Amino acid sequence: MRTVWEILLMIILGICLKTIGAMKPAPYSSYSDLTHCYCLSWRLGVESNNVRAWRTVPTQCLRYVQYYMLGGQYESDLDLIMEQIYSYIDDIVLTNTNTTDTQAWILDVDDTCISNLLYYTGKRFGCDPYDPMGFKTWAIRGECPAIPAVLRLFRKLLQSGFKVFLLTGRDEETLGQPTIRNLHNQGFVGYERLILRTRDYKGQTAVSFKSAMRKQLVEQGYTIWGSVGDQWSDLVGDCLGERTFKLPNPMYFVP
Ligand SMILES: [Mg+2]
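Residues numbered from 1 in each chain as written. Predicted model: local features only at pLDDT ≥ 70, side-chain atom pairs only at ≥ 80, totals over all residues.

Chemist: What am I meant to see in helix H8 (residues 172-185) here?
Modeler: Taking 1.5 Å of rise per residue, 14 residues should cover 20 Å, and H8 covers 18 Å from first to last C-alpha, within 8% of that figure. Regarding H8, the residues found buried are Leu175, Thr179, Asn182 and Leu183. A positive phi of about 100° marks Gly187, the residue just after H8. (Helix = DSSP H or I, 4+ residues; strand = E, 2+ residues; numbered from the N terminus. Expected span 1.5 Å × (residues − 1). Buried ≥ 20, exposed ≤ 12 C-beta atoms within 10 Å, placed from the backbone.)

Chemist: Explain the packing of helix H6 (residues 132-141) against H8 here, please?
Modeler: To characterise two packed helices, one gives the angle between the axes of the helices and the distance between these axes. It is the contact of H6 with H8, at a shortest axis distance of 7 Å, that shows an interaxial angle of 40°. Comparing their axes, H8 and H6 come out oblique. For the pair H6 and H8, contact is made by Lys136, Ala139 and Ile140 and by Thr174, Leu175 and Pro178, respectively. (Axes fitted to C-alpha atoms, helices over the stretch in contact; angles between N-to-C directions. Parallel < 35°, antiparallel > 145°, perpendicular 65-115°, else oblique. Contact = placed C-beta atoms within 7 Å.)

Chemist: Would you mind showing me how to read the sheet that holds strand S3 (residues 193-197) here?
Modeler: Sheet strands associate in pairs through backbone hydrogen bonding, adopting either a parallel or an antiparallel arrangement. Across the sheet, which stays open at both edges, the five strands sit in the order S3-S2-S1-S4-S5 with parallel pairing between neighbours. The two strands at the open ends of the sheet, each matched to only one other strand, are S3 and strand S5 (243-246). Averaged over all neighbouring strand pairs, the angle between strand axes comes to 20°, with direction disregarded. (Pairing = 2+ DSSP bridges.)

Chemist: Quick question: what am I supposed to make of the environment of Gly187 here?
Modeler: Inspection of the secondary structure assignment puts Gly187 in the loop between H8 and S3. When the 15 C-beta atoms within 10 Å are taken as the criterion, Gly187 is described as partly exposed. Other than its neighbours up to four places away in sequence, Gly187 contacts Ala146 and Leu151.

Chemist: Is there a simple way to think about the nonpolar core in this case?
Modeler: Soluble globular proteins tend to bury their nonpolar side chains together. Formed by 31 residues in total, the largest nonpolar core has its most connected members in Ala104, Leu107, Cys113, Phe154, Val164, Phe165 and Leu166. Residue assignment for this core shows that the elements contributing at least two residues are strand S1 (103-108), helix H7 (148-159), strand S2 (163-171), S3, helix H9 (206-219) and strand S4 (223-229). Discounting chain neighbours no more than four positions away, the residues touching Val164 are Trp105, Leu107, Phe154, Leu157, Leu158, Tyr191 and Glu192. The next biggest cluster of nonpolar side chains, apart from the first, holds 14 residues, and it includes Val46, Val65, Met69 and Met251. (Core = buried A, V, L, I, M, F, W, Y, C linked by C-beta atoms within 7 Å.)

Chemist: Mind showing me how you'd approach the environment of Glu75 here?
Modeler: Locating Glu75 in the fold gives a position in helix H4 (residues 73-95). Taking the number of C-beta atoms within 10 Å as the measure of exposure, Glu75 has 15 and is therefore partly exposed.

Chemist: What exactly am I supposed to notice about unusual backbone geometry here?
Modeler: Leave glycine aside and you will find that most residues have negative phi; peptide bonds, for their part, are mostly trans. The backbone of Asp111 shows a phi angle near 60°, a positive value even though the residue is not glycine. Tracing the chain through its elements places Asp111 in the loop between S1 and helix H5 (117-121). Exposure remark for Asp111: the 22 C-beta atoms within 10 Å place this residue in the buried category. The phi angle at Phe125 is positive, at roughly 50°, despite the residue not being glycine. Mapped onto the elements, Phe125 comes out in the loop between H5 and H6.

Chemist: I would appreciate a short explanation of the packing of H4 against H7 in the present structure.
Modeler: Contact pair H4 / H7: the axes reach a minimum separation of 10 Å and the direction vectors enclose 10°. The angle between H4 and H7 falls in the class roughly parallel. For the pair H4 and H7, the contacting residues are Leu78, Asp79, Met82, Ile85, Tyr86 and Ile89 in the first and Ala149, Leu153 and Lys156 in the second. Considering only residue class, the contact of H4 with H7 consists of seven nonpolar, no polar and two charged. (Nonpolar A, V, L, I, M, F, W, Y, C, P; charged D, E, K, R; others polar.)

So, in C-alpha cells, the structure goes:
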C-alpha cells in the first residue's frame, strides 16, 4: 500500500509537469506560421552573411519582408545598431587623444544614408529581379529620402570631429550629380568627400572597388574608425578600419 507521502508526491509531480507543459509554446500549426519561421531564418542568414549571392527574395517571403520593412522592425533594428555605434564613438572620443583631422568614418550611400525603400516597394520588396535601368531611372530623380537614424549618426560623427567619407558603387559619370543633389537635399552636408565609382573601376565587384578606395584613404594618412553599410560587400575586404556595422537590408544583395 502506498503511503500518504508517496501519493502527495505524485500529485505535486503531476501539477509540475502540467505547468511545464503549459509553458511550452504552441507548435507551428499553419502554413503562415511555417512561412514566417522560414522567412525569419532566411533573413537571419542574409544578415549574418551565411546566405550569399541571392538574386531575389523568396516569393513566399514577400509579405514577411514587406512587414519587416514597414511594420517597425526595420527601424527598431536600426535604432539598436545606432546605440552600439554611439557607445563606440563615445569610447573613441574619450580615449583617443589624437586630435589630428585624419580620423575617419566611412558610410555607404544606398540604403545606408538614403533609402530606396520606395523604389523597392514597386519591385515587390526584392521579389522581382534586379532591374538596372529601372534603378538608374529612379536614382537619377535624386529623390531618395534620408534614413533618419543614419542622418543623426552622420551629424553626431561630424560634431565629434570625425571626417566622414561617403563611399558608393554608384557610377560617377551618370549618377554623380543627382547623388550629390540628393544627399544635399536630405541633409547630408559637411562630409569630407563623396567617392563614386569612376570609369577605371567599372565592372569590378563592390568589394574590390571599395577596398581600393579605403586603401587610398589609409595611404593618405587617414585612420578609419568605422565602416557602416547595408551590404556585406561594404564590410569585407581591405582597410575596413577598427569596426564594421551592418545595417539591415533583406531586399537585395550586392556582390
Ligand atoms: Mg548600400
